[in-house]
Amino acid sequence: MSPNGISTMFAATNWNIAEEKKTTYEESAIKKISNALMKSYRDESLEGLTLVDAIQRLGIEYYFKGEIKAILDRQYLKLCAGAEHSAALYENALRFRLLRQEGYCVSADMFAKFKNENGKFRPELSEDIQGLMSLFEASELRVEAEDILTEAYEYSRQVLDAAMWNPHQSLASVIGHTLKHPHHKSLAKFTAEN
C-alpha cells in the first residue's frame, strides 16, 4: 500500500471515530434534554415552558416533538379548566405564545389582568423587561379584532424601544433583537449566528 493510501485510510479511520464520538455525545445530550422536559412535565412548572422555548429557538424541536406536545397539551388543559396560573407577565405571555404558535385556541383575554382600572396596561409593567419582550412576541400572534393584543403590541413596543436606548439597560442588544426578529418570524438557524 502506498503512503498516500495509508494516510487516507488513517484519516478515514480518525474521521469515523470522531463521527462516532459526536453521535454518542448528541444522543447523550438529547436524552438529557428529554429527561429534563419530562421532569418539567411532571412538575408543571415554568421550567417546562422555558425549556420548550429554548429548544424551539435553537431549532432542535424535531428531536422532542412528543415531549413538547405533552407539555403544551397539559398547559392548555389547565388553562381551559380555569386553573390558576402565575400572575407574572413573562410566564403568561410565554404560555400564550407557545400555545398559539402551535395552533391551540387561546384567548387573548388572559392579558386583561395586566391592565389597570382605566383599561391601560399597568405602568409598573415597564420595569419587567423580560415580561415585556415576551408580551411583544405574544402580541405578534394577534388576529383581527384582538384589540387587547394590538394594545399589548403598542405598549410593549413603546416601552422596549425606550429601554433599548437607555445606557443603563444591560439587555439593550437582546431587546433590539427581539424587536427586529420576533421568534415566530425568525428562523433559528439564521438568527443564531447574529
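About the cut-offs
Residues numbered from 1 in each chain as written. Predicted model: local features only at pLDDT ≥ 70, side-chain atom pairs only at ≥ 80, totals over all residues. Heavy atoms only, no water. Helix = DSSP H or I, 4+ residues; strand = E, 2+ residues; numbered from the N terminus. Contact = heavy atoms within 4.5 Å. Phe/Tyr/Trp six-rings, centres within 6.5 Å; stacked < 30°, edge-to-face > 60°. Buried < 20%, exposed > 50% of the residue type's maximum accessible area, 1.4 Å probe, protein only. Arc of directions from axis to C-beta. pLDDT = per-residue confidence, 0-100. Core = buried A, V, L, I, M, F, W, Y, C linked by side-chain atoms within 4.5 Å. Axes fitted to C-alpha atoms, helices over the stretch in contact; angles between N-to-C directions. Parallel < 35°, antiparallel > 145°, perpendicular 65-115°, else oblique. Left-handed = near helix turned anticlockwise from the far one by under 90°. Nonpolar A, V, L, I, M, F, W, Y, C, P; charged D, E, K, R; others polar. Salt bridge = Lys/Arg side-chain N within 4 Å of Asp/Glu carboxyl O.

The subject of this paragraph is the overall build of the protein chain. Along the backbone of the protein chain there are eight helices and zero strands. Helices and strands appear in the protein chain in the N-to-C order α-α-α-α-α-α-α-α. Once local pairs closer than 6 in sequence are excluded, the contacts in the protein chain between residues at least 24 apart make up 62%.

Two numbers describe a pair of aromatic rings. These are the distance of the centres and the angle of the planes. Tallying each qualifying case throughout the model produces seven aromatic pairs. Seen from their ring centres, Phe-111 and Phe-114 are 6.5 Å apart, and the 40 degrees between their planes marks the pair as tilted. Of the two residues, Phe-111 and Phe-114, neither departs from the other in class, the shared state being buried. The interplanar angle of 20 degrees and the centroid separation of 5.5 Å between the aromatic rings of Phe-121 and Tyr-155 together place this pair among those described as stacked. Of the two residues, Phe-121 is situated in the loop between α4 (89-101) and α5 (129-139) and Tyr-155 in helix α6 (residues 147-164); the sequence distance between them amounts to 34 residues. Assigned by exposure class, Phe-121 and Tyr-155 land together as buried.

Moving on: helix α7 (residues 172-180). Taken residue by residue, α7 has Ile-175, Gly-176, Thr-178 and Leu-179 as its buried positions. End-on, the buried residues of α7 take up no more than an arc of 160 degrees, which puts them together on one face. What points out from α7, more than 90 degrees from its buried face, is the exposed set Ser-173 and Lys-180. On its buried side, α7 packs onto α5 and α6.

Our next topic: the confidence of the model for the protein chain. Residues with a pLDDT of 70 or more make up 73% of the protein chain, whose mean pLDDT is 81. With pLDDT under 50 throughout, residues 189-194 is counted as low confidence; its partners more than four residues away or in other chains account for three contacts.

Formed by 37 residues in total, the largest nonpolar core has its most connected members in Phe-96, Phe-111, Phe-121, Leu-135 and Leu-160. Only α2 (46-58), α3 (65-80), α4, α5, α6 and α7 provide two or more residues apiece to this core. For Phe-111, the contacting residues outside a window of four places in its chain are Asn-92, Ala-93, Phe-96, Phe-121, Leu-135, Ala-138, Ile-148 and Leu-149.

Once that is clear, we can look at the packing of α4 against α5. Orientation of α4 relative to α5, taken along the N-to-C sense of each, is 25 degrees, at an axis distance of 8 Å. Here α4 is positioned roughly parallel relative to α5, judged by the angle of their axes. The way α4 lies across α5 gives a crossing that is left-handed. Contacts between α4 and α5 involve Leu-89, Tyr-90, Ala-93, Leu-94, Phe-96 and Arg-97 from the first element and Gln-130, Gly-131, Leu-132, Ser-134, Leu-135, Glu-137 and Ala-138 from the second. Of the residues that constitute the contact of α4 with α5, the class distribution is eight nonpolar, three polar and two charged.

The subject of this paragraph is α5. Owing to its 3.6 residues per turn, the α-helix brings residues three or four apart onto one side. Counted residue by residue, α5 has 10 buried out of 11 residues, so it is predominantly covered. Among all positions of α5, only Ile-129, Gly-131, Leu-132, Met-133, Ser-134, Leu-135, Phe-136, Glu-137, Ala-138 and Ser-139 are buried. Those residues of α5 that are buried are in contact with α2, α4, α6 and α7.

This part is about the pattern of salt bridges. Using the criterion set out here, one finds 10 salt bridges in the structure. The salt bridge partner of Lys-115 is Glu-151, with a shortest N-O separation of 2.2 Å. Here the residue Lys-115 occupies a position in the loop between α4 and α5, and Glu-151 occupies one in helix α6, the gap between them amounting to 36 residues.

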